[in-house]
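Close look at the chain arrangement
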Amino acid sequence: MNHPVRPVLVQRALVGCLLYCVLGWLAVVSHVPGQEVATLFLPAGLAIALVEVWGAHMLWAVFAGAFLLEWGVTGGLGTWTQLSLLSAPSPDLAHRWLHALACAVGATTQAGLGWYVVTRGRPQALALDTVPDIARLLLRGALLASLCHASLCTSIRVIEGSLPLDRAGTVLGVRWAGDAMGVALGTPIALSLLGRRLTVWRPRLRTVGLPLMLAALLLDAGAWQIGQARLKHQQERFDDDASTLANLVQLRLDAFAAPLHGFGAALSAPPTRLPPAPRGVGRMLAWAPASERGQAQIGRAHV
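Residues numbered from 1 in each chain as written. Predicted model: local features only at pLDDT ≥ 70, side-chain atom pairs only at ≥ 80, totals over all residues. Heavy atoms only, no water.

**Observations concerning empty space enclosed by the protein**
- Summed over all chains, the structure comprises 2 cavities of 30 Å³ or more.
- Each pocket or cavity is described by its volume, and for the second largest cavity that value is around 30 Å³.
- What lines the second largest cavity is Tyr20, Pro43, Ala44, Ala47, Val62, Ala107, Gln110, Ala111 and His149.
- Mapped onto the lining of the second largest cavity, the elements with two or more residues apiece are helix H2 (43–54) and helix H4 (93–119).
- Along the lines of polarity and charge, the residues of the lining of the second largest cavity split into 7 nonpolar, 2 polar and no charged. (1 Å grid on protein atoms, 1.4 Å probe; cavity = no way out; pocket = protein on both sides within 12 Å on 5 of 7 lines; lining within 4 Å. Points joined across faces, edges and corners; volume = space filled by probe spheres on them. Helix = DSSP H or I, 4+ residues; strand = E, 2+ residues; numbered from the N terminus. Nonpolar A, V, L, I, M, F, W, Y, C, P; charged D, E, K, R; others polar.)

Following this line, the structure appears as structure tokens:
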């Protein structure tokens, strides 16, 4: 017997997909310059909260949101943003599909596994009001489950050839850290906003949600400032090196050009004209060859 899909489920799935895309886009836009991935990826925590509040069918919303996010990101110009989480904009349609599909599978697996390992053995809703609950979220949900998304997205880049193998470990670690921090901060934030039907989360928006939102904002802003300072330092070093190299090249060019300038000046100078000789001197110079010829003739006659 076929059960009709209730409109409320469709509405929740659309809301979840939209929230995932919006938070992911904000993470891409506010990523640390000079790094491959976002420092704080809050959609990772949102996905676990969606499954906890609205059920396992929200995994389809997570899959759709992650697919659309990565499709727009790998498209580069003309889609969502000029920044890229994964790589340079790929003109190959097959590569875009492969990137988006792999990251969507990784995000869905991370959300399902994270929700399961955090809530396993709990008959009641996830409250995060005890030390064991918080430890399960941080150790199992953040550190363990976050490997799914990071490993799949990094592996597909290595297989596709857009990421060198010697840099795969660094990219994997940075992306895993971003997802882990997103789970640690994003899950309680999303539960405080979406978990209104859960009795335990109704009064915790001010005590839990808002402070964690402020902490996430400060963390993202601090990472952004560090990245900007790093870029500024690199730019200053580049400018200094470029100025030094330009001065050295100019000195070498001046050393080679000095003789050429002197030679060119000599060629372009007007010819030097001697002053006219006095008349007496001219007559003497004109008479001398004739007298020498006469003396020679006289000598031949005597002989």
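Having put the structure on the table, let's press on.
**Structural notes on unusual backbone geometry**
- Here leucine 128, not a glycine, exhibits a phi torsion of approximately 55°, which is positive.
- With respect to the secondary-structure elements, leucine 128 resides in the loop between H4 and helix H5 (131–144).

**Considering helix H1 (residues 7–29)**
- Taking 1.5 Å per residue, 23 residues should reach 33 Å; H1 reaches 33 Å between its end C-alpha atoms and fits that length.
- All of the buried residues in H1 are Gly16, Cys17, Tyr20, Cys21, Gly24, Ala27 and Val28. (Expected span 1.5 Å × (residues − 1). Buried < 20%, exposed > 50% of the residue type's maximum accessible area, 1.4 Å probe, protein only.)

**Looking at the environment of serine 146**
- Relative to the helices and strands, serine 146 is located in helix H6 (residues 146–160).
- Owing to a relative accessible area of 0%, serine 146 belongs among the buried residues under this scheme.
- A C-alpha to C-alpha distance of 5.9 Å links serine 146 and glutamine 110, two positions 36 residues apart in sequence.
- Leaving out residues up to four positions away in the same chain, serine 146 has contacts with Gln110, Gly141, Trp176, Asp179, Ala180 and Val183.
- Among the polar contacts made by the side chain of serine 146, one reaches the main-chain carbonyl oxygen of alanine 142 at a distance of 2.5 Å. (Contact = heavy atoms within 4.5 Å. Polar contact = N/O pair within 3.5 Å; in protein donor to acceptor, adjacent residues only side chain to side chain.)

**Thoughts on the nonpolar core**
- Counting residues in hydrophobic clusters, the biggest one holds 36 residues, and the most contacted among them are Tyr20, Leu50, Val62 and Leu191.
- Among the secondary structure elements, those contributing two or more residues to this core are H1, H2, helix H3 (58–75), H4, H5 and helix H7 (165–194).
- Among the elements that take part in this core, H2 stands out by supplying 8 residues, more than any other.
- Leaving out residues up to four positions away in the same chain, leucine 50 has contacts with Gly16, Gly55, Met58, Val62 and Leu194. (Core = buried A, V, L, I, M, F, W, Y, C linked by side-chain atoms within 4.5 Å.)

**Quick notes on the pattern of salt bridges**
- The final tally for this structure, using the stated rule, is 2 salt bridges.
- Between arginine 175 and glutamate 70 there is a salt bridge, and its shortest N-O distance comes to 3.5 Å. With arginine 175 in helix H7 and glutamate 70 in helix H3, this pair connects stretches of sequence that are 105 residues apart. For the pair arginine 175 and glutamate 70, a shared accessibility class is recorded, and that class is buried.
- We note a salt bridge from aspartate 133 to arginine 136, for which the minimum N-O separation is 2.3 Å. Of the two residues, aspartate 133 and arginine 136 both sit in helix H5, 3 residues apart, roughly one turn of that helix.
- Judged by its relative accessible area of 2%, aspartate 133 falls in the buried class. (Salt bridge = Lys/Arg side-chain N within 4 Å of Asp/Glu carboxyl O.)

**Description of the state of the cysteines**
- Counted by the stated rule, this structure contains 1 disulfide.
- Between the sulfur atoms of cysteine 103 and its disulfide partner cysteine 153 the distance amounts to 2.4 Å. A residue pair is termed long-range when its members are at least 10 positions apart, and cysteine 103 in helix H4 and cysteine 153 in helix H6 qualify at 50 residues. One exposure class covers both cysteine 103 and cysteine 153, and it is buried.
- No disulfide involves cysteine 21; its nearest neighbouring cysteine sulfur is the one of cysteine 17, lying 4.3 Å away.
- The exposure class assigned to cysteine 21 is buried, which follows from its relative accessible area of 7%. (Disulfide = S-S within 2.5 Å.)

Remember that the coordinates give geometry; whether it matters functionally is a separate question.
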